[in-house]
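Summary of the model geometry
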Amino acid sequence: MLWKRMQGYKVLWVPGSDHAGIATQAVVERKIWKERGALREELARDEFLQEVWNWKEEKGNEIFQQLKVMGASLDWDRVCFTMDSGFSQAVTEAFVRLHEEGLVFRDRRLVNWSCALRSAISDIEVENRQLGGRTELSVPGLQGKVPFGVLVTFAYKVEGGEGEELPVATTRPETMLGDVAVAVHPDDLRYIHLHGKRLCHPFTGHLLPVITDPLVEREMGTGAVKVTPAHSHADYELARGHGLPFISVIAEDGTMTADCGEWLQGLHRFQAREKLLAALKERGLHRGAKEHPMVLPLCSRSGDVIETLLKNQWFVNCEAMAHRALEAVESRLLKLTPKFHEKNWRTWLLNTRDWCISRQLWWGHQIPAYWVTVSESPDSREQEESDGLWVVGRTKAEARKKAAGMLGKSEEDLKLMRDADVLDTWFASGLFPFAALGWPHKTGDLQQFYPNSVLETGSDLLFFWVARMVMLGKELTGELPFSQVFLHSMVRDAHGRKMSKSLGNVINPLDVIYGAPLQTLQEKLQNSNLDPREVAIAMEGQRRDFPQGIPECGTDALRFALCSYNAQGDSINLDVAAVENACRFCNKVWNALKFTLAALGEGFTPVDPEKVFPSFPMDQWILSRLYHTTEDCSRKFEGCELHSVASSIRLFWLHDFCDIYLESVKPVLRSGDPARLLSTHQTLHSCVDLALRLLSPFMPFLTEELWQRLPKADSQSPPSICVARYPSAEHLAHWCQPEEEANFLLVQEVIRAVRALRATYQLTKARPTVYLVCPEAVPRGIYETYREPLQTLSLAGSLRLLPAFEGAELPASCVAAKGHDHTAIYMDLQGLVDLQKELLRLASRQEKLERQLTDLTVRVQGARYQEQVSLKAKSDHQQKISLLHSELERIEQAISTFQKMAVRQGLSIDTAEQ
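Fair warning: this is a prediction, and the values are worked out from it, not measured in the lab.

Thoughts on the overall build of the protein chain
Looking only at helices and strands, the protein chain has 31 helices and 30 strands in total. Relative to its length of 914 residues, the protein chain is extended, with a C-alpha radius of gyration of 38 Å against a globular reference of 29 Å. With the C-alpha coordinates aligned to their principal axes, the bounding extent of the protein chain is approximately 115 × 75 × 55 Å. Total accessible area on the protein chain is roughly 44500 Å²; 50% of this is exposed by carbon and sulfur atoms. In the protein chain, the 104 positive side-chain charges and the 119 negative ones have mean positions that sit 3 Å from each other.

Printed below as a string of structure tokens:
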């Protein structure tokens, strides 16, 4: 957004937060229990909601505070919360309109039910855990652990069969009390003689028909499938096709219902499982159990095992919006970045079901629907089965009027009771692009930011419920050329784990910005609403990950570090060490500006960077590099490759500008040459001005501070860097000097070769004489052009360019480096090294390398190496062997050189010491 604003676009980032219905209610319930020892049900609904609002006022602005400190450029005058009165009106309006269009409806269907929360939850709040076999897990509200991943086989006796039975297998034996039939494949020869017969239920006394269905998998279990339609989606569809009844045997709280009989009624479902298995064994119907891989659905909010229950709920018909969203991507009307999400998009939308939007909570938007009766209400059981008459209205008065018209009764004769349930939080969040700008009462801002939108029909809200599935927040319309959505990775901890308070690995951005000692981090956990056992685990995690606490890194370092990760992958494993590294980069930029301002001095008057035309080689080179960096940033920004943009900017600052250009112009700044000084000054100013602008979207605070210190070309300069024009390759095209960059690459190779020689012979402060022997005129001319920076950057005391040896030998103390075919590189070590000492050091190093090489060679030649070692490890070993050979070769060359030098100088070398 900052990048677009610097390009002159009108941008808007509306600050908003949703009410997080399930999560917030759970936190407040734990808080009330911790402080008052009271359950939610012991409070009046209004009293509980007041507690939630109090908590929201205390904690709810923490995210906004984090955004402000992190420099997020939001329009705080538009701040929006999904439970604000205006937003609530938008939610009611959307619900009513969609109901009137037949897209919101009420039905009795199977839903994902969390017994711990006592509420329905959405598909995206279900975590499917893959179990390889028997696995014991903790379940909320139950002491000890429960085994899962076990396939139990038991038998149903055939009615009048004189001992004949039909075995079935299940991982959920407690649901057999809700069995209404057993299904077999019509072509399964084992059970053809049982078609149409009935089975005796050992506990309920019901007679279960044996039915046939081609969808039954003959190879799964016994090939006979128990049918429990009130607790299985597959069985639900099977029962509807065969006209079977539905028996619910698990209650909302996870206990067994009255339909199970008094011996099990009210018992926890997993305790009932053990009791039921014992009863099956007692009756001689248990046929064994074995480990069985399975997928166990868990509630992401509570950790409880999800139950599939049959409930009367409100749903949204998702078929039309799923088709619309799928078509939008396939027609390229909508572009997803990164592209691999298109596969997930298609998979999700082709398999999406109608969306259950009812939540059995108190915190949220109460559903604007009313249950209507004319006389006394039927009992609760009758209501549960028939569900009665429901009407929807923006107000109770509107609903009453609708009901009167539907029933042909007077309004006074009707009794209306509002649905106690609330809407799924995503129902409100999906409306954010509309409601945050005032819909339905205001359309001005909507038309401004969504000019091609049709705002007055509920169907135009449909895409936002598709958007909630994949976290989208932009409207699609047929008139736009295309829209882009950027789906970033999940930020995890340094070990790749999802951040969780119970693990103690949540990184608060404010702790990274300001720093936090370990004691402070631990105190926050102790004052939280976590269970004492979770607190202990979390504190241990913190001590392991942050033994010294979190160092103070600052906002800009955190922003830059986050953007330096590839946000188009699956996840970002955030390591505080990466933020510390970004902090050091901030210091490097600061010091570069400090150097530049000192070099410019007082009274310097810059010209507009676009009017700078340098005439000296190094000035031309650095501005050409800046041009290419600008070009690269623009291209990568367009592709949402923020990590590549950050990498390009970092490379320019650290390598091109600081390491090369600033070091190379130090002799120029000392020279006093007016023409060269003017060119260098203008180049320095242009580099830091535009490079700060490139960096500004990532580091708004540092760049603002430094940019304000720069001399300005005229009084018309922008008041802030955040509204200064972002560098454009189009406006800097005159700086592009590909030939000059190619020439300096040749020079850099010489510099690297000389520096490698310095490292080999451990020269630190010494400034040796360097010889370049180059018979070819063109490269020699390049060396001559860049003589001064070449000498400066290679740390040479002097630089001699020779077309050939010309019959004269180089000094005997010279050592050679590998260069181009056309260039020989030599460095004179006369008086710079102690030959005796260096030969002893090199001999010791040579012996150590030979020993390492021998050990590794023996290992890779071992008999079992090829069978037991992975391909990657083998590749790593071969690479290490190659590096050892290369280093040994350099050591041997250095020893040979020193020995020749010693002979030429007439020195006596003590070979015994070697």
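Focus: the side chain of Ser-88
Tracing the sequence through the fold places Ser-88 in helix H5 (residues 85-100). Residue contacts for Ser-88: discarding those within four places in its chain leaves Thr-82, Met-83 and His-365.

Things to note about the packing of aromatic side chains
If you walk through the whole model with that rule in mind, you get 27 aromatic pairs. Judged by centre distance (5.6 Å) and plane angle (75 degrees), the ring pair of Phe-95 and Trp-314 falls under edge-to-face. Pair noted here: Phe-95 is in helix H5 and Trp-314 is in strand S16 (residues 307-316), with a separation of 219 residues, a long-range link. With centroids separated by 5.7 Å and ring planes inclined at 85 degrees, the aromatic side chains of Trp-653 and Phe-657 adopt a geometry described as edge-to-face. Of the two residues, Trp-653 and Phe-657 both sit in helix H22 (residues 642-664), four residues apart, roughly one turn of that helix. We note that Trp-653, like Phe-657, is buried. Each member of the aromatic cluster is reached from another via a ring pair, and the members are Trp-3, Phe-560, Phe-585, Phe-637, Phe-698 and Tyr-726. Across from the ring centre of Trp-76, 4.7 Å away, lies the NZ or CZ of Lys-68, which sits over that ring.

Here we look at the pairing of strand S10 (residues 181-184)
Look at any regular strand and the pattern is simple: side chains alternate between the two faces of the sheet. Alternating residues of S10 divide into Ala-181 and Ala-183 and Val-182 and Val-184, and every residue in both groups is buried. When S10 meets strand S13 (residues 224-227), the two strands line up antiparallel, connected through four bridges. Residue pairing in the sheet places Ala-183 in a bridge with Val-225 of S13. As paired strands, S10 and strand S12 (residues 207-212) are joined by three bridges and run parallel to one another. Within S12, the position partnered with Val-184 by the bridge is Thr-212.

Regarding the sheet that holds strand S3 (residues 104-114)
The four strands are arranged S4-S3-S16-S18 in an open sheet whose pairing can be described as antiparallel. In the strand order of this sheet, the two ends are held by strand S4 (119-121) and strand S18 (355-356), each with one partner. As paired strands, S3 and S16 are joined by ten bridges and run antiparallel to one another. For Asn-112, the partnering residue across the bridge sits in S16 and is Thr-308.

Structural notes on the packing of helix H20 (residues 576-600) against H22
One can describe the packing of H20 onto H22 by two numbers: an axis separation of 11 Å at closest approach and a directional angle of 40 degrees. In terms of axis orientation, H20 runs oblique to H22. Between H20 and H22 lies a crossing whose hand is left-handed. Across the interface between the two elements, Asn-581, Ala-582, Phe-585, Lys-588, Val-589, Ala-592, Leu-593, Phe-595 and Thr-596 from H20 touch Arg-650, Trp-653, Leu-654, Phe-657, Cys-658, Asp-659 and Leu-662 from H22.

So, the sheet that holds strand S20 (residues 369-373)
Strand order in the open sheet formed by three strands is S21-S20-S22, and the pairing between neighbours is antiparallel. Each edge of the open sheet is held by one strand with a lone partner, namely strand S21 (389-392) and strand S22 (415-418). Across this sheet, the average inter-strand angle for adjacent strands is 35 degrees, counted without regard to direction. Two elements, S20 and S21, share four bridges in a ladder whose sense is antiparallel. Bridge pairing links Val-372 to Leu-389 in S21. Along the sheet, helix H11 (residues 396-407) makes contact with S20, S21 and S22, crossing S21 at roughly 130 degrees.

Details of the pattern of salt bridges
Considering all chains together, one arrives at 51 salt bridges under this definition. A salt bridge links Glu-307 to Arg-269, with the nearest nitrogen and oxygen atoms 2.5 Å apart. You can see Glu-307 sitting in strand S16 and its partner Arg-269 sitting in helix H7 (residues 269-282), a full 38 residues away along the chain. Exposure class is identical for Glu-307 and Arg-269. Each is buried. Linking Asp-493 and Arg-497 is a salt bridge whose minimum nitrogen-to-oxygen distance equals 2.7 Å. Among the charged side chains, a network of salt bridges with common partners joins Glu-93, Arg-97, Glu-100, Arg-394, Glu-398 and Lys-402.

Some thoughts on the packing of H20 against helix H24 (residues 674-695)
Direction vectors running N to C along H20 and H24 enclose 150 degrees, while the axes themselves pass 10 Å from each other. Classified by the angle their axes make, H20 and H24 are roughly antiparallel. Seen along the crossing, H20 lies across H24 with a hand that is left-handed. Contact with H20, carried on its side by Phe-585, Val-589, Leu-593, Thr-596, Ala-599 and Leu-600, involves His-681, Leu-684, His-685, Val-688, Leu-692 and Leu-695 of H24 and no other residues of that element. Along the lines of polarity and charge, the residues of the contact of H20 with H24 split into nine nonpolar, three polar and no charged.

Some remarks on a nonpolar patch on the surface
The grouping of Val-374, Met-406 and Leu-407 at the surface amounts to a nonpolar patch, some 260 Å² of accessible area in total. Among the secondary structure elements, Val-374 is positioned in the loop between S20 and helix H10 (380-386). For Val-374, a relative accessible area of 42% translates into the label partly exposed.

Reading guide: rules and limits
Residues numbered from 1 in each chain as written. Predicted model: local features only at pLDDT ≥ 70, side-chain atom pairs only at ≥ 80, totals over all residues. Heavy atoms only, no water. Helix = DSSP H or I, 4+ residues; strand = E, 2+ residues; numbered from the N terminus. Rg over C-alpha atoms; globule rule 2.2 N^0.38 Å. Areas by Shrake-Rupley, 256 points an atom, 1.4 Å probe, with all protein chains shown as cover. Lys, Arg positive; Asp, Glu negative; His and termini not counted. Charge placed at Lys NZ, Arg CZ, Asp CG, Glu CD. Contact = heavy atoms within 4.5 Å. Phe/Tyr/Trp six-rings, centres within 6.5 Å; stacked < 30°, edge-to-face > 60°. Buried < 20%, exposed > 50% of the residue type's maximum accessible area, 1.4 Å probe, protein only. Lys NZ or Arg CZ within 6 Å of the ring centre and 35° of its normal. Pairing = 2+ DSSP bridges. Axes fitted to C-alpha atoms, helices over the stretch in contact; angles between N-to-C directions. Parallel < 35°, antiparallel > 145°, perpendicular 65-115°, else oblique. Left-handed = near helix turned anticlockwise from the far one by under 90°. Salt bridge = Lys/Arg side-chain N within 4 Å of Asp/Glu carboxyl O. Nonpolar A, V, L, I, M, F, W, Y, C, P; charged D, E, K, R; others polar. Patch = residues over 30% accessible without salt bridge, like charges linked within 9 Å, V, L, I, M, F, W, Y side chains within 5 Å.

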